[in-house]
Amino acid sequence: MSSTRGPLVIAVDGPSGSGKSSTSRAVAQRLGLRYLDTGAMYRAVTWWMLEAGVDVHDADAVAARCAEPELVSGTDPGAPTIHVDGHDVGAAIRTGAVTGAVSPVSTVPAVRARLLDLQRAEIAAASAAGGIVVEGRDIGSVVAPDADLKVYLTADAGARAVRRAAEEGGAGEEAVAAVRASLLARDEIDSGRATAPLTMPDGAVHLDTTPYTLEEVVDRLVALVGR
Ligand SMILES: Nc1ncnc2c1ncn2[C@@H]1O[C@H](COP(=O)(O)OP(=O)(O)OP(=O)(O)O)[C@@H](O)[C@H]1O
Ligand SMILES: Nc1ccn([C@H]2C[C@H](O)[C@@H](COP(=O)(O)O)O2)c(=O)n1
């Protein structure tokens, strides 16, 4: 990584549940940077579509309405927030209904174009604060291809399912199997869509987090930054 001391942009991509959010937040806190969860932005648009009664499988209908919601992302890594039309939707965007609908919404090019503008504006705004860690599916490939550091996090599907199920309070075999199926279904849509599919960006460092604790992964990323 370059040794200059200007604003830093760190791009973190990877499949569902690979540890992007927890790792990115911790890295941002350690380095005093802002933090942007772009998945939360796709979830927020999806939440709004469901509230508005838009059929999320009708791409034209989603495209026609996607400029309407006002989205505001709070980028403090200690307490990230997301508001839609003035409502705090931090909890509402994590429901099963939103998780089940977010992949089709995120395949719609007009949605991606709108969020791309908002994401680049957050990156520009963060330069005054020293920089930002941005995480999602297309950060190193589309949103910030010139990022100072690009990281591609993965973990075995089994490990991802166990981690996520534990987070949701269900560590039993059935809960883990259901979470695994949901993660894999989202991976398939995210990787197969025509616009900005999930892919390892050129120049990214690949880290398989399966054998590592969260703290070990954070240490590795901070070491890669070298600041
Ligand atoms: N290296 C790790 N070891 C163990 N658990 C981890 C590790 N990294 C993340 N986790 C845990 O795995 C779960 C999923 O992590 P996280 O939400 O950060 O993934 P994500 O990639 O952002 O997921 P999504 O794409 O669905 O937003 C969380 O409970 C988190 O605490
Ligand atoms: N840059 C991004 C970020 C997210 N998405 C989509 C694909 C995911 O399934 C969904 C939710 O993201 P998560 O909260 O699980 O990180 O949003 C995307 O297409 N591009």
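Residues numbered from 1 in each chain as written. Chains lettered and ligands numbered in written order. Predicted model: local features only at pLDDT ≥ 70, side-chain atom pairs only at ≥ 80, totals over all residues. Heavy atoms only, no water.

(A) A look at the site of ligand 2. Of all residues adjacent to ligand 2, which total 16 residues, the nearest are Arg43, Arg112, Asp138, Arg186 and Arg193. Separating a nitrogen atom of ligand 2 from a side-chain N or O atom of threonine 38 is a distance of 3.0 Å. Here an oxygen atom of ligand 2 sits 3.0 Å away from a polar atom, N or O, in the side chain of arginine 137. Expressed as a share of its isolated accessible area of 450 Å², the protein-covered part of ligand 2 is 97%. Of all the secondary-structure elements, those providing two or more residues to the shell around ligand 2 are α2 (38–51), α4 (96–106) and α8 (173–192). When residues in the shell around ligand 2 are grouped by element, the largest group, four residues, is from α2. (Near = heavy atom within 4 Å. Polar contact = N/O pair within 3.5 Å; in protein donor to acceptor, adjacent residues only side chain to side chain. Areas by Shrake-Rupley, 256 points an atom, 1.4 Å probe, with all protein chains shown as cover. Helix = DSSP H or I, 4+ residues; strand = E, 2+ residues; numbered from the N terminus.)

(B) The UniProt feature "domain: Cytidylate kinase" (unreviewed entry) in the chain, seen in detail. UniProt's entry tags residues 10–225 with the feature "domain: Cytidylate kinase" (unreviewed entry), counted in the numbering of this structure. End C-alpha atoms of residues 10–225 are separated by 9 Å, and the span's content is 51% helix alongside 16% strand. (UniProt positions renumbered as here; feature names shortened; annotations may be inferred.)

(C) Focus on the packing of aromatic side chains. Enumeration according to the criterion identifies zero aromatic pairs in this entry. The ring centre of tyrosine 212 lies 4.2 Å from the NZ or CZ of arginine 220, which sits over that ring. (Phe/Tyr/Trp six-rings, centres within 6.5 Å; stacked < 30°, edge-to-face > 60°. Lys NZ or Arg CZ within 6 Å of the ring centre and 35° of its normal.)

(D) Seen up close, the pattern of salt bridges. Applying the stated criterion across every chain, the model contains eight salt bridges. A salt bridge links arginine 94 to aspartate 37; the nearest nitrogen and oxygen atoms lie 3.2 Å apart. Here aspartate 37 lies in strand β2 (residues 34–37) and arginine 94 lies in the loop between β5 (87–88) and α4, a separation of 57 residues in the sequence. Taking the relative accessible area as the measure of exposure, aspartate 37 reaches 13% and is therefore buried. Measuring nitrogen to oxygen at the nearest pair gives 2.6 Å for the salt bridge that ties glutamate 68 to arginine 65. (Salt bridge = Lys/Arg side-chain N within 4 Å of Asp/Glu carboxyl O. Buried < 20%, exposed > 50% of the residue type's maximum accessible area, 1.4 Å probe, protein only.)

(E) Summary view of the environment of alanine 204. Structurally, the position occupied by alanine 204 is in the loop between α8 and β8 (205–208). It is 20 Å that separates the C-alpha atoms of alanine 204 and leucine 33, two residues lying 171 residues apart in sequence.

(F) Geometry of helix α1 (residues 20–31). Given a rise of 1.5 Å per residue, twelve residues ought to cover 16 Å, and the 16 Å separating the end C-alpha atoms of α1 matches this to within 8%. Those residues of α1 that sit buried are Lys20, Thr23, Ser24, Val27 and Ala28. The arc that holds the buried residues of α1, viewed along the axis, is 130°, so those residues lie on one side. Those residues of α1 hidden inside the fold are in contact with β1 (8–13), β2, β6 (131–136), β7 (149–154) and α9 (214–225). (Expected span 1.5 Å × (residues − 1). Arc of directions from axis to C-beta. Contact = heavy atoms within 4.5 Å.)

(G) Expanded view of the packing of α1 against α9. With their axes 9 Å apart at the nearest point, α1 and α9 run at an angle of 50° to one another. By the angle class used here, α1 and α9 are oblique. Between α1 and α9 the crossing geometry is right-handed. The residues of α9 that touch α1, namely those facing Ser22, Thr23, Ala26, Val27, Arg30 and Leu31, are Leu214, Val217, Val218, Asp219, Leu221, Val222 and Val225. Classifying every residue of the contact of α1 with α9 gives nine nonpolar, two polar and two charged. (Axes fitted to C-alpha atoms, helices over the stretch in contact; angles between N-to-C directions. Parallel < 35°, antiparallel > 145°, perpendicular 65-115°, else oblique. Left-handed = near helix turned anticlockwise from the far one by under 90°. Nonpolar A, V, L, I, M, F, W, Y, C, P; charged D, E, K, R; others polar.)

(H) Inspection of the UniProt feature "binding site: ATP" (unreviewed entry) in the chain at higher detail. Within this numbering scheme, the UniProt entry marks Gly14, Pro15, Ser16, Gly17, Ser18, Gly19, Lys20, Ser21 and Ser22 as carrying the feature "binding site: ATP" (unreviewed entry). Among the secondary structure elements, serine 18 is positioned in the loop between β1 and α1. Its relative accessible area of 1% is what places serine 18 among the buried residues. Once you skip the residues sitting within four places of it in the chain, serine 18 turns out to touch Leu153, Thr154, Ala155, Arg160, Arg163 and Thr209.

(I) Quick peek at the site of ligand 1. Around ligand 1 sit 17 residues, and of these Lys20, Ser21, Ser22, Arg164 and Glu167 come closest. Separating an oxygen atom of ligand 1 from a side-chain N or O atom of serine 21 is a distance of 2.7 Å. Glutamate 167 has a polar side-chain atom sitting 2.8 Å from an oxygen atom of ligand 1. Within the complex, the protein chains bury 82% of what would otherwise be the 630 Å² of accessible surface of ligand 1.

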